[in-house]
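In case you want the letters, here they are:
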Amino acid sequence: VLYAVEELAPQGNVRAFQAEDKGLKPLACISAKGADPCHICLDEAGRYLFTANYSSGSLAVCWLDERGIPVHITDFFQDTGCGSDPVRQEGPHIHFAKISGERVFIADLGTDKVLVCKLDAKEGRLTDMGKPLKLPAGAGPRHLEFHPNIPGIIYVACELGSSVAVFREKEEEYVLEAMESTLPEGFSGENTVAAIRIRNNQLYVSNRGHDSIAVFAIREAGGLALRQIIPTGGRIPRDFAIMGEYMVIANQGSDDI
């Protein structure tokens, strides 16, 4: 089953398709309950689908039946607040969610924080744990990754700050340890960070504006060291995937891969 968001306002949808030899067969369409859904993910058991609604700053939780088809919304989380940027942070903008065990990490670009909620796997409901990851004003958290081997370390890609934040869990709270720039020294143009990926002991982040991939080595204790910044061969690298020994980059601004 393939899931895709339908990025519409004032209310978008989530669609499910069956992947068949002849193409994609529509299975279901369910409302995301918010404006401009931009990201979806599954819980680790594959029972729930989480949809981040960017413009309305909300997250919908949808129950999937045994075939993986979306059936109904089990919970709806609406964030509030704003940030220091009057244009990009005039209100909450939930961009991304990622699940680890019973905890759901929700990146809100508009309020400079990553919320942490507890998932009730039986009912599909979220409870705010009240201990968000707090970013510097104007950082604009977009996506995040977990350390592949060390529990409790989280790397947050900060879209507006062109940086990666390193958090470490201490006494059940996440503490900001470092902010690492994704840009070369002296760069003064406009730039926003987009995607973040980890492969082995390397962390990769795309720069839109500088049009590059920043490559960090993950140190033994979990910190980051910038190794290189590589051009993407096009403009506005919105996303990328690592496939074996290759990185495949989608350059939105130049319509090429």
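Up top is the structure these notes are about.
Residues numbered from 1 in each chain as written. Predicted model: local features only at pLDDT ≥ 70, side-chain atom pairs only at ≥ 80, totals over all residues. Heavy atoms only, no water.

Asks: Quick one: what's the story with the overall build of the protein chain, residue by residue and with numbers?
Replies: If you tally the helices and strands in the protein chain, you get 0 helices and 22 strands. Against the globule reference of 18 Å for 257 residues, the protein chain gives a C-alpha radius of gyration of 18 Å, in line with a compact fold. The C-alpha extent of the protein chain, read off along each of the three principal axes, is 50 × 50 × 40 Å. Counting over 257 residues, the protein chain shows a buried share of 47%. A sequence separation of at least 24 residues applies to 39% of the contacts in the protein chain between residues at least 6 apart. Surface accessibility of the protein chain: about 12600 Å² in total, with carbon and sulfur atoms responsible for 49%. Separation of charge centres in the protein chain, based on 25 positive and 35 negative side chains, amounts to 3 Å. (Helix = DSSP H or I, 4+ residues; strand = E, 2+ residues; numbered from the N terminus. Rg over C-alpha atoms; globule rule 2.2 N^0.38 Å. Buried < 20%, exposed > 50% of the residue type's maximum accessible area, 1.4 Å probe, protein only. Contact = heavy atoms within 4.5 Å. Areas by Shrake-Rupley, 256 points an atom, 1.4 Å probe, with all protein chains shown as cover. Lys, Arg positive; Asp, Glu negative; His and termini not counted. Charge placed at Lys NZ, Arg CZ, Asp CG, Glu CD.)

Asks: Could you give an account of the sheet that holds strand β15 (residues 163-170), with specific residues and numbers?
Replies: Pairing is antiparallel across the open sheet formed by 4 strands, whose spatial order is β13-β14-β15-β16. Of all the strands in the sheet, the pair left with one neighbour each is β13 (141-146) and β16 (173-181). For this sheet, the mean inter-axis angle between neighbouring strands, taken without regard to orientation, is 25°. (Pairing = 2+ DSSP bridges. Axes fitted to C-alpha atoms, helices over the stretch in contact; angles between N-to-C directions.)

Asks: With reference to specific residues and values, describe the sheet that holds strand β2 (residues 13-20).
Replies: Read across the open sheet, the 3 strands follow the order β1-β2-β3; overall the sheet is antiparallel. One side of each edge strand has no neighbouring strand; the edge strands of this open sheet are β1 (2-6) and β3 (23-31). In this sheet, neighbouring strand axes are inclined to one another by 25° on average, regardless of whether the strands run parallel or antiparallel. Two strands pair when backbone bridges link them, and β2 and β3 are joined in this way by 8 bridges, in the antiparallel orientation. Residue pairing across strands places Phe17 opposite Pro26, the latter belonging to β3.

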